[in-house]
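# A look at the structure
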Amino acid sequence: MNPAILSKALIRRGVLLHAEEFDHIDHGKFFVIIGENEQGFVGFFFINSNINNYVKSRPDFMDMQMPIKHSNYPDILSYDSFIACHALSQIPKIKLAQQIECGAAQFKGTLLTEDLELLLENLRSSKLYSKVEKETFFK
């Protein structure tokens, strides 16, 4: 299959990826795609094995740390981890597709249906996100 077609097919809600290139982060990270907007940006959340102290000190942020179990994702996660749903990140879809095509970002799997449904339920009821963000990325 054409790499460009394959990369675009991988950019969809619930897909777990790993990439090395992020602004202000000096190491590779796992992340999950949650949606995209009409301007061609993909929204995603980082996956962390630990919750940092700043997030722990903010109850509204702490409430948005969704646990995911190593046992459900043994080929992806080394530890029980957390989807950091308190901070929606965005990347141009074309840039992400290019990273997948050249191997800078790799497909790792997809969220289990029950995890994705719980994630969306929490996001849609969260006070951290505006109505526009909810209708754009979490609909």
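See above for the structure.
## Quick word on the overall build of the chain
Helix and strand content of the chain: six helices and seven strands. Tracing the chain from N to C terminus, the helices and strands come up as α-β-β-β-α-α-β-β-β-α-β-α-α. Taken against the 2.2 N^0.38 rule, which gives 14 Å for 139 residues, the C-alpha radius of gyration of the chain at 15 Å falls within 12% of a compact globule. Overall, the chain is about 45 × 35 × 30 Å in size when its C-alpha atoms are taken along their principal axes. Relative to its 139 residues, the chain shows a buried fraction of 43%. At a minimum sequence separation of 6, the contacts of the chain that also span at least 24 residues come to 59%. Approximately 8,000 Å² of the chain is accessible, and the part contributed by carbon and sulfur atoms is 52%. Separation of charge centres in the chain, based on 15 positive and 17 negative side chains, amounts to 4 Å.

## A short note on the pattern of salt bridges
On inspection of all chains with the given rule, the structure shows three salt bridges. The partner of E36 in a salt bridge is K93, and the shortest N-O contact between them spans 3.1 Å. Of the two residues, E36 sits in strand β2 (residues 29-36) while K93 sits in helix α4 (residues 93-102), which places them 57 residues apart along the sequence. We classify E36 as partly exposed; its relative accessible area is 32%.

## A few points about the nonpolar core
Counting 22 residues, the largest nonpolar core has I34, F45, I83, L119, L123 and F138 as the members making the most contacts within it. No other element matches helix α5 (residues 113-125), which puts four residues into this core. When sequence neighbours within four positions are dropped, the list of residues in contact with F138 reads R13, I34, F45, L88, L120, L123, R124, Y129 and E133. Listed in part, the 16 residues of the second largest apolar core include L17, A19, I33 and V42.

## Some thoughts on the environment of L119
Tracing the backbone shows L119 in helix α5. On the basis of relative accessibility, which here comes to 0%, the residue L119 falls in the buried class. Sequence-wise, L119 and Q65 are 54 residues apart; in three dimensions their C-alpha atoms are separated by 9.6 Å. Once you skip the residues sitting within four places of it in the chain, L119 turns out to touch I34, M66, I83, C85 and L111.

## Brief notes about the pairing of β2
When you tally the buried positions in β2, you get six out of eight residues, the bulk of the element. Of the pairings in the sheet, the one linking strand β1 (residues 15-19) to β2 comprises four bridges and is antiparallel in character. The partner of A19 across the bridge, within β2, is K29. Relative to strand β3 (residues 41-48), β2 runs antiparallel, the two sharing six bridges. Residue pairing across strands places F31 opposite F46, the latter belonging to β3. The turn linking β2 back onto β3 is made up of four residues, and G40 within it adopts a positive phi angle of 85°.

## Here we look at the environment of I34
Looking at the secondary structure, you find I34 in strand β2. Remark: the alpha-carbon pair of I34 and R12, spanning 22 residues in sequence, is separated by 7.4 Å.

What counts, and where the lines are drawn
Residues numbered from 1 in each chain as written. Predicted model: local features only at pLDDT ≥ 70, side-chain atom pairs only at ≥ 80, totals over all residues. Heavy atoms only, no water. Helix = DSSP H or I, 4+ residues; strand = E, 2+ residues; numbered from the N terminus. Rg over C-alpha atoms; globule rule 2.2 N^0.38 Å. Buried < 20%, exposed > 50% of the residue type's maximum accessible area, 1.4 Å probe, protein only. Contact = heavy atoms within 4.5 Å. Areas by Shrake-Rupley, 256 points an atom, 1.4 Å probe, with all protein chains shown as cover. Lys, Arg positive; Asp, Glu negative; His and termini not counted. Charge placed at Lys NZ, Arg CZ, Asp CG, Glu CD. Salt bridge = Lys/Arg side-chain N within 4 Å of Asp/Glu carboxyl O. Core = buried A, V, L, I, M, F, W, Y, C linked by side-chain atoms within 4.5 Å. Pairing = 2+ DSSP bridges.

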